Amino acid sequence: MNKPYQVIPDIDILPAHFPIPGAGFLPVNAFVIKAKEPVLVDTGMGIESEEFMEALREVIDPQDLRWVWLTHDDADHTGSILKVLEAAPQARLVANSLAVLRMSTAWSVPMHRVNWLNPGESINVGDRTLTAVRPPLFDNPTTIGIYDNKSEAFFSADCFGAIIPSPVQNLDDVTEGDLAQGMITWASADSPWLHMVEPKVFGGALDKIRGINPKIILSAHMLPAQGKTEHFLELLAKVPTSPPFVTPNQTALEQILAQG
Ligand SMILES: [Fe+2]
Ligand SMILES: [Fe+2]
């Protein structure tokens, strides 16, 4: 984990970087929205759960949390969910019903604390409305990003992520070339189905975000990006015609292990 910090008034980031051998680093972020009814967005990676809980406590007393929003049930988003629900007894768990069903195969989800949400539906958290938005790219059918109508932030789950060369905390520290390559590679790796989709159809999904026009994109896998929405959408538009990502195989693993 890196040190948490305030991104914009009312929104703090709990940042981490996951090293990917031979490729770089994948940012792995959770967020706290200091709404009238405070919201935690995602719960980090299980491998650093202790540090995650420490970082969370630096930002907010978990007892004050009223909502925990899981953008989807992948392990890099649910790492501390059990600890968080225990430390935040007043918080309700917001997730897509499929995510709750899937998680119920691994642990006993307290159904009386759950809020099922579909894309297009909203919750009111006192001083703002959080609307579930399905991002144009996702690696899991339970994905619900969040549009916050007060901050005009879009929490985009895995979408707009990038593998970056070094674990920097500021988008300005990533060169334009590295950003473009990192985002296109991540999109192709994380959403390989995109290569089976007509670019025009995908363009419609990008236009939906263009229509929302968020001021800031807060991806789980990218540095906070203010005023970059159009640029990011243009980068993603290139993915369907980019070469498909090929996952490293055993030959690659042996090379990595030999480097040691
Ligand atoms: Fe994911
Ligand atoms: Fe993820």
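Residues numbered from 1 in each chain as written. Chains lettered and ligands numbered in written order. Predicted model: local features only at pLDDT ≥ 70, side-chain atom pairs only at ≥ 80, totals over all residues. Heavy atoms only, no water.

A. Spotlight on the overall build of the chain. Scanning the chain for helices and strands turns up eight helices and 13 strands. The globule rule puts the C-alpha radius of gyration for 260 residues at 18 Å, and the 18 Å found for the chain is close to it. Expressed as lengths along the three principal axes of its C-alpha atoms, the size of the chain is roughly 45 × 45 × 35 Å. Among the 260 residues that make up the chain, the fraction classed as buried is 52%. Counted over contacts in the chain with a minimum sequence separation of 6, partners at least 24 positions apart contribute 63%. With an accessible surface of roughly 11,800 Å², the chain has 54% of that area assigned to carbon and sulfur atoms. Here the chain holds 18 positive side-chain charges and 31 negative ones, and the gap between their average locations is 7 Å. (Helix = DSSP H or I, 4+ residues; strand = E, 2+ residues; numbered from the N terminus. Rg over C-alpha atoms; globule rule 2.2 N^0.38 Å. Buried < 20%, exposed > 50% of the residue type's maximum accessible area, 1.4 Å probe, protein only. Contact = heavy atoms within 4.5 Å. Areas by Shrake-Rupley, 256 points an atom, 1.4 Å probe, with all protein chains shown as cover. Lys, Arg positive; Asp, Glu negative; His and termini not counted. Charge placed at Lys NZ, Arg CZ, Asp CG, Glu CD.)

B. Quick look at the packing of aromatic side chains. Summed over all chains, the structure comprises three aromatic pairs. Note that Arg 134 overlies the ring of Phe 138, its terminal NZ or CZ placed 4.6 Å from the centroid. (Phe/Tyr/Trp six-rings, centres within 6.5 Å; stacked < 30°, edge-to-face > 60°. Lys NZ or Arg CZ within 6 Å of the ring centre and 35° of its normal.)

C. Summary view of the coordination of the iron ion (ligand 1). Around the iron ion (ligand 1), the donor atoms from the protein are His 72 (NE2), Asp 74 (OD), Asp 139 (OD), Asp 139 (OD) and Asp 158 (OD), and they sit 2.1 to 2.4 Å away. Counting along the primary sequence, the residues that act as donors to the iron ion (ligand 1) give the motif H-x1-D-x64-D-x18-D. Taken as a pair, the iron ion (ligand 1) and the iron ion (ligand 2) show a spacing of 3.4 Å, with Asp 158 coordinating each metal. Remark: Asp 158 occurs in the loop between strand 11 (153-155) and helix 5 (176-190) and His 72 occurs in the loop between strand 5 (67-69) and helix 2 (75-78); sequence separation between them is 86 residues. The pair formed by His 72 and Asp 158 is uniform in burial state, with each residue classed as buried. (Donors = N, O, S within 2.8 Å, 3.2 Å for Na, K, Ca; no water.)

D. Geometry of the sheet that holds strand 1 (residues 5-8). Spatially, seven strands are ordered 1-2-3-4-5-6-7 in an open sheet, and the strand pairing comes out mixed. Two strands bound the open sheet, and with one partner strand each, they are strand 1 and strand 7 (114-116). Averaged over all pairs of adjacent strands, the angle between strand axes in this sheet comes to 30°, irrespective of strand direction. Together, strand 2 (11-20), strand 3 (24-33) and strand 4 (39-41) form the strand contacts of helix 1 (residues 49-59), whose direction differs from that of strand 2 by roughly 160°. (Pairing = 2+ DSSP bridges. Axes fitted to C-alpha atoms, helices over the stretch in contact; angles between N-to-C directions.)

E. Layout of the coordination of the iron ion (ligand 2). Bound to the iron ion (ligand 2) on the protein side are Asp 76 (OD), His 77 (NE2), Asp 158 (OD) and His 221 (NE2), at distances that span 2.1 to 2.3 Å. Each of the four donor atoms bound to the iron ion (ligand 2) contributes to angles spanning 82 to 169°, and the resulting shape is irregular. When its relative accessible area of 21% is taken as the criterion, Asp 76 is described as partly exposed. (Tetrahedral: all angles 85-135°; square planar, octahedral: opposite > 155°, others 65-115°.)

F. Structural context of the nonpolar core. In terms of nonpolar packing, the biggest core is built from 29 residues, with Phe 160, Leu 179, Met 183, Met 222, Phe 232 and Leu 236 touching the most fellow members. Residue contributions to this core peak at five residues, all from helix 5. Setting aside residues up to four positions removed in sequence, Phe 160 forms contacts with Phe 154, Met 183, Ile 209, Ile 217, Ser 219, Met 222, Phe 232, Leu 233 and Leu 236. The next biggest cluster of nonpolar side chains, apart from the first, holds 27 residues, and it includes Met 53, Leu 65, Leu 85 and Ala 99. (Core = buried A, V, L, I, M, F, W, Y, C linked by side-chain atoms within 4.5 Å.)

G. Representation of the packing of helix 5 against helix 7 (residues 229-237) in the model. Here helix 5 crosses helix 7 at 55°, and the two axes come no closer than 9 Å. By the criterion of interaxial angle, the relationship of helix 5 to helix 7 is oblique. With respect to the hand of their crossing, helix 5 and helix 7 are arranged in right-handed fashion. Contacts between helix 5 and helix 7 involve Glu 176, Leu 179, Ala 180, Met 183, Ile 184 and Ala 187 on the former and, on the latter, His 231, Phe 232, Leu 235 and Leu 236. Residues that form the contact of helix 5 with helix 7 fall into these classes: eight nonpolar, one polar and one charged. (Parallel < 35°, antiparallel > 145°, perpendicular 65-115°, else oblique. Left-handed = near helix turned anticlockwise from the far one by under 90°. Nonpolar A, V, L, I, M, F, W, Y, C, P; charged D, E, K, R; others polar.)

H. Representation of the pairing of strand 3 within the structure. Counting buried positions over the 10 residues of strand 3 gives nine, a clear majority of the element. Pairing geometry for strand 2 and strand 3, over 10 bridges, is antiparallel. Residue pairing for strand 3: Ile 13 is matched across the bridge by Phe 31. Between the end of strand 2 and the start of strand 3, which pair antiparallel, lie three residues, with Gly 22 showing a positive phi angle near 80°. In this antiparallel pair of consecutive strands, strand 3 and strand 4, the connection spans five residues.

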